[in-house]
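Listed below, chain by chain, are the residues.
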Amino acid sequence: MTGYTMLRNGGAGNGGQTCMLRWSNRIRLTWLSFTLFIILVFFPLIAHYYLTTLDEADEAGKRIFGPRAGSELCEVKHVLDLCRIRESVSEELLQLEAKRQELNSEIAKLNLKIEACKKSIENAKQDLLQLKNVISQTEHSYKELMAQNQPKLSLPIRLLPEKDDAGLPPPKAQRSCRLHNCFDYSRCPLTSGFPVYVYDSDQFAFGSYLDPLVKQAFQATARANVYVTDNADIACLYVILVGEMQEPAVLRPADLEKQLSSLPHWRADGHNHVVLSLSRKSDTQNLLYNVSTGRAMVAQSTFYAAQYRPGFDLVVSPLVHAMSEPNFMEIPPQVPVKRKYLFTFQGEKIESLRSSLQEARSFEEEMEGDPPADYDDRIIATLKAVQDSKLDQVLVEFTCKNQPRPSLPTEWALCGEREDRLELLKLSTFALIITPGDPRLLVSSGCAARLFEALEVGAVPVVLGEHVQLPYQDVLQWSEAALVVPKPRVTEVHFLLRSLSDSDLLAMRRQGRFLWETYFSTTDSIFSTVLAVMRTRIQIPAAPIREEAAAEIPHRSGKAAGTDPNMADTGDLDLGPVETEPPYASPKYLRNFTLTVTDLYRSWNSAPGPFHLFPHTPFDPVLPSEAKFLGSGTGFRPIGGGAGGSGKEFQAALGGNVPREQFTVVMLTYEREEVLMNSLERLNGLPYLNKVVVVWNSPKLPSEDLVWPDIGVPIMVVRTEKNSLNNRFLPWNEIETEAILSIDDDAHLRHDEIMFGFRVWREARDRIVGFPGRYHAWDIPHQSWLYNSNYSCELSMVLTGAAFFHKYYAYLYSYVMPQAIRDMVDEYINCEDIAMNFLVSHITRKPPIKVTSRWTFRCPGCPQALSHDDSHFHERHKCINFFVKVYGYMPLLYTQFRVDSVLFKTRLPHDKTKCFKFI
């Protein structure tokens, strides 16, 4: 037991000693690690603290670890050489720095000299370009003069014939009178201006028998006519009104003939006189029947074959609207093309041809040959058969329900009142007009009245009888507005009418409306047409249309305007010459004489182009720039072709067929002086700008202290008589260019956009070319037209607040377009831009052209305009529907064509590039 116990204790003691050693070793390692950590971490921190504290001491003597002074180091012998080297290098560095500064100063001076040289070079280039332009213009003018090779002639001395000298040998018979043997050309020189003397009918006995309404209307028209003169000694033509007579008045032919011979300027035979008889009623008798008028021309609505002298006498339209303008609200629209009845006719034949030939034998006794055939029975039978066949809905009545209107022998009398006849014609696609059974009665007031009423309401006239003389037939192409069918073809009339297409029907109806409105509708149109026919026959040019005289408002110009960087931000584009080309007016219209002869048919018969619906002859608007629209009218343009080339050569010149051209800015404003001044300043530096015409539309004059900017071109401030948006389109005499840029005073357009629009307009001179597009739409629930300004890929209008158009349309808008449209513009103070779009589309049958993707053009921050009014769009809806009533149809045409610029780098918004773009 004891041995075992000792052994166990001994073993236990050795094991305990081993554990203690292990534990002590671990403690020593831990303390050693901790000590090393303290030494390695805290000692550097403490040393760093003392070093920084001692180095920041102010006194030099306390700097234990800081750098010593150089003198102390230099005391060491082996570093003396290093000190000298350092000082030498320092001196060399100072010298090099001084030389560097000197060189920099010289470089700066040289740079200034280089900039000055560059400016001198640019100025020299500008001067050289200006000299080149002057030389080019001089050479161009010289070539034009050499090409003309004709001296400018002064007008010949006016020759006046003797007052009582007939001057012409008498013709063999009165019926053989023509212009060459019965008209005295010596009284009408080419340069006479076609003076017309109108007799005062009240000074003669027959004047008391005249219808007061006809006489009053004629006198008012004569006083306002541009050709009428009070000096009878210089007159080319003399006009005397002899009809229509009052109902109870009875004037014997012999008495009327005697009174005509007593006219003070009759000169024995009445040469150069026009005896005018206007019929206001359908039963007007042939007043000049059996009256010897000598060499005087006769103008009336009723003629017998033995009485009418072709090319000398004139068939005129009846005077229905004597003292009133047509009421466009009562005129039916031209669409739909097909109406309820295919054709209609109402009339009653009071006297047959056979009885007429037995009773009336005055003029007819002089006729030779057998009596003419009477087709009226065959016509009646054929038309009744068509009506009974029920193939088409027609209405023919050969017996009046009420008492028929009085008529001439063998003439179909009118039935009922005028209002009842018009209501039936409004339902008729065609209107039959059966000529008198006696072919020796060329035309009658009843037939003329039927023709007038059919054209007025849009029923295409179908005249049965090719022998009839329609009004102004020698100058109007009636085949474009009416069908003239020989009576033997009455059995083929139904087939002929069914064969016409809708497009042909619409074209004939539109042309008929034009003829009625231009030559038939009012006293002024009838009298102007009579004079125009006479003037055209003797080949005297029309008087130039008047221009609106600009009453300038004096204003004070200030310093030169700066260039708005937003307007002139064109990058590397060269938009054209700036301040190098002087103002250049468009060539004037010089074809007054030749047009009368060469383009007679074009002028009267709705040739393609602006004459299509507003021919110049009755209104006499021979415009200074009119020839640009005629195919043969560009002969007086400057000789020379385009500049050609690409890049800068293309940008720097207009080129094309008209290499020299400028445009005029017309800006309408109303008491927004600050906005106006900003807009004018934005035009500074705009190439090809001729001048700016500011239409001051306010009765209040501009402020006296207002300083107008100097933009390098003239600024003409025009005062208007009244506040009217129509003033925007007046043909001011200060506008000397064909191209007009109509722009609002708050429009915000860049120069490159304006130049691009100008270039596009030069390729389509007969259209409106502009930036903001709009369109019209049909409102199915309300059955009316709507005006829409939402963004669309299709448009039908371009707003004239930023658009180019030809000055020709300014004349048409102000003087030819129906007055009712301008009145509505004044009433609403709105819609003038819509009216201009209607006019141009009506004339050209083409839509406008939109350029760039712009849909608005207002400047940011400008005061609100009229277009922001809540009633603005409601008024525009009404305007569109009223204009459609006036024109009789919707003339606006849709287009998806838009011209976008690649050469001018037009900025295209991402949200507006989904439409097709044509370049």
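In case you missed it, the structure is sitting above this.
Residues numbered from 1 in each chain as written. Predicted model: local features only at pLDDT ≥ 70, side-chain atom pairs only at ≥ 80, totals over all residues. Heavy atoms only, no water.

Enquirer: Could you give me a rundown of the overall build of the protein, with the residues and numbers involved?
Expert: Across its full length, the protein carries 22 helices and 28 strands. Across the 919 residues that make up the protein, the buried fraction comes to 50%. Carbon and sulfur atoms make up 56% of the accessible area of the protein, which amounts to about 46100 Å² in all. (Helix = DSSP H or I, 4+ residues; strand = E, 2+ residues; numbered from the N terminus. Buried < 20%, exposed > 50% of the residue type's maximum accessible area, 1.4 Å probe, protein only. Areas by Shrake-Rupley, 256 points an atom, 1.4 Å probe, with all protein chains shown as cover.)

Enquirer: I'd like a description of the sheet that holds strand β26 (residues 802–806), backed by residues and values.
Expert: Across the sheet, which stays open at both edges, the 9 strands sit in the order β15-β20-β18-β17-β21-β26-β22-β27-β28 with mixed pairing between neighbours. Here the strands that pair on one side only, and so sit at the sheet edges, are β15 (551–552) and β28 (898–899). Across the sheet, helix α18 (residues 751–763) is in contact with β17 (663–669), β21 (739–744), β22 (769–770), β26, β27 (849–851) and β28; its angle to β26 comes to roughly 30 degrees. (Pairing = 2+ DSSP bridges. Contact = heavy atoms within 4.5 Å. Axes fitted to C-alpha atoms, helices over the stretch in contact; angles between N-to-C directions.)

Enquirer: Report on the nonpolar core, specifying residues and quantitative values.
Expert: Counting residues in hydrophobic clusters, the biggest one holds 135 residues, and the most contacted among them are F194 and F883. When sequence neighbours within four positions are dropped, the list of residues in contact with F883 reads I821, M824, C831, I834, A835 and F838. Counting residues in each nonpolar core, the second largest holds 40 residues, with L654, I711, L749 and V769 among its members. (Core = buried A, V, L, I, M, F, W, Y, C linked by side-chain atoms within 4.5 Å.)

Enquirer: Can you lay out a negative patch on the surface for me, pointing to particular residues and giving the numbers?
Expert: Taken together, the side chains of E330, E417, E419 and D420 present a region of like negative charge at the surface. Counting through the fold element by element, D420 comes out in helix α9 (residues 418–425). (Patch = residues over 30% accessible without salt bridge, like charges linked within 9 Å, V, L, I, M, F, W, Y side chains within 5 Å. Salt bridge = Lys/Arg side-chain N within 4 Å of Asp/Glu carboxyl O. Lys, Arg positive; Asp, Glu negative; His and termini not counted. Charge placed at Lys NZ, Arg CZ, Asp CG, Glu CD.)

Enquirer: Describe in detail the pattern of salt bridges, supporting the description with residues and values.
Expert: Per the stated rule, a full pass over the model turns up 35 salt bridges. The shortest N-O distance in the salt bridge between D211 and R280 comes to 3.1 Å. In this pair, D211 sits in the loop between β1 (196–198) and α5 (212–224) while R280 sits in the loop between β3 (273–277) and β4 (297–300), placing the two residues 69 residues apart along the sequence. According to the relative accessible area criterion, D211 is buried, its value standing at 6%. Put simply, R728 and E832 hold a salt bridge, and the shortest N to O gap is 3.4 Å. In this pair, R728 is assigned in the loop between β20 (715–719) and β21 and E832 in helix α21 (residues 832–844), connecting sequence segments 104 residues apart. In this structure, R728 and E832 share a single accessibility class: buried. Several salt bridges share partner residues, and in doing so they unite R418, R421, E453 and E456 into one network.

Enquirer: Residue-level account of helix α6 (residues 253–261), with values.
Expert: Among the residues of α6, those classed as buried are L256, Q259 and L260. Each buried residue of α6 sits inside an arc of 100 degrees when the element is viewed along its axis, so together they form one side. Residues of α6 that are exposed and point more than 90 degrees away from the buried face comprise A254 and K258. In this fold, the buried residues of α6 make contact with β2 (237–243). (Arc of directions from axis to C-beta.)

Enquirer: Report on empty space enclosed by the protein, specifying residues and quantitative values.
Expert: Throughout the structure, instances matching the rule amount to 13 cavities of 30 Å³ or more. Quantified by volume, the largest cavity comes out at close to 160 Å³. The wall of the largest cavity is formed by 13 residues, among which Q346, L425, L432, R450 and E453 lie closest to the centre. In terms of residue class, the lining of the largest cavity is made up of 8 nonpolar, 2 polar and 3 charged. (1 Å grid on protein atoms, 1.4 Å probe; cavity = no way out; pocket = protein on both sides within 12 Å on 5 of 7 lines; lining within 4 Å. Points joined across faces, edges and corners; volume = space filled by probe spheres on them. Nonpolar A, V, L, I, M, F, W, Y, C, P; charged D, E, K, R; others polar.)

Enquirer: Kindly report on unusual backbone geometry, identifying the contributing residues and their values.
Expert: Omega for the peptide link from G243 to E244 comes to 25 degrees, which places this bond in the cis form. The residue E244 is located in the loop between β2 and α6 in this model. Along the chain, V335 connects to P336 via a cis peptide bond; the corresponding omega equals 5 degrees. If you trace the backbone, P336 turns up in the loop between β6 (314–315) and β7 (341–346). The backbone of N272 shows a phi angle near 65 degrees, a positive value even though the residue is not glycine. Along the polypeptide, N272 turns up in the loop between α6 and β3. Look at I829: it is not a glycine, yet its phi comes out positive at around 50 degrees. On the accessibility criterion, I829 (44% relative accessible area) is partly exposed.

Enquirer: Give me the sheet that holds β3: which residues, what numbers.
Expert: Read across the open sheet, the 5 strands follow the order β1-β2-β3-β4-β6; overall the sheet is parallel. For this open sheet the edge positions go to β1 and β6, each flanked by a neighbour on one side alone. One ladder, built from 5 bridges, connects β2 with β3; its direction is parallel. What sits directly across from V239, in β3, is V274. The strands that α5 touches are β1, β2 and β3; relative to β2, the one it contacts most, it runs at about 160 degrees.

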